[in-house]
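Residue-level structural notes
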Amino acid sequence: MLHKNISPLPILLAGVLVFLSPVSLYAANFFVTQDSGAKKTGDTIRATLYIDTTGANINNAEAVVSFPQNLVQVQSLSTFGSIFSLWIEQPSFSNQNGTITFSGGVPNPGFTGSRGKVIEITFKALTVGDAPVTVSSASILANDGLGTDVTSPPSNTVISIQEKTPPPVPEAPQPTND
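Here the structure is a predicted model, which is why all the values come from computation and not from measurement. (Residues numbered from 1 in each chain as written. Predicted model: local features only at pLDDT ≥ 70, side-chain atom pairs only at ≥ 80, totals over all residues. Heavy atoms only, no water.)

**Considerations on the overall build of the protein**
In plain terms, the rule: Helix and strand labels come from DSSP, where a helix needs a run of H or I of at least four residues and a strand needs a run of E of at least two; each type is numbered from the N terminus. Classification of residues uses two cut-offs on accessible area relative to the type maximum, computed with a 1.4 Å probe and protein chains only: under 20% is buried, over 50% is exposed, and between them is partly exposed. Here a residue-residue contact requires only that any non-hydrogen atoms of the pair lie within 4.5 Å. Shrake-Rupley sampling with a 1.4 Å probe provides the accessible areas, and residues are treated as covered by the protein chains on show and by no other component.
Secondary structure assignment for the protein yields one helix and 10 strands. Counted from the first residue to the last, the protein has its helices and strands arranged as α-β-β-β-β-β-β-β-β-β-β. Taking all 178 residues of the protein together, 34% fall into the buried category. Considering only contacts within the protein whose residues lie at least 6 apart along the sequence, 75% involve residues at least 24 apart. Looking at the protein as shown, the accessible area adds up to about 10,800 Å², and 58% of this sits on carbon and sulfur atoms.

**Points about the confidence of the model for the protein**
Basically, it comes down to this: pLDDT runs from 0 to 100 and stands for how confident the predictor is about each residue.
Of the residues in the protein, 84% have a pLDDT of 70 or more, and the chain-wide mean is 88. Note that pLDDT drops below 50 for residues 12–24; the model gives that stretch three contacts with residues more than four away or on any other chain.

**Some thoughts on the environment of E62**
Put simply, the test is: Residues adjacent in sequence count toward polar contacts only when both atoms are side-chain atoms; beyond that, a polar contact is any pair of N or O atoms within 3.5 Å, and within protein one must be able to donate a hydrogen and the other to accept it.
In this fold, E62 is placed in strand β4 (residues 58–66). In sequence terms E62 and F102 are 40 residues apart; their C-alpha atoms lie 5.5 Å from each other. Beyond its immediate chain neighbours, meaning those up to four positions away, E62 contacts F30, F102, S103, S137, A138 and S139. Polar side-chain contacts of E62 include one of 3.2 Å to the side chain of S103.

Shown next, in the form of structure tokens:
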């Protein structure tokens, strides 16, 4: 019977490589908030898109935000106060397609936080109904030198629009019999 001495070094190295491989423990996600209070037809509604990195250090994100163009339309987009200072694709919108698109970046050391503002969206409520504002085609990349995708499913919002009630008509004064 032939016995060979097997060195434990290759097995040890393989174990270390598996342990050190770039596996993300984080799952960053987009979430959308909106102004509180009742929304009526004709109202201006502010919604904000944020990122929660859940501990990951990120340096890039992009997404498509969709909305029902028959219920709401975008009036403007603002990047004021955004975590992103570099825009690979400036935020833009199409009311015809019901979409907002962007791709933003942040230089080293990246961003880590639970409420990183991306963009602020100003909508106009057109008609009565529930208008879902959803994030799709999302990508959030880690600032790890590899661009590891740390994206997890987004938290979307629904804008509920009610009929605007007309102001009450004042009653006409009643004639007096003097």
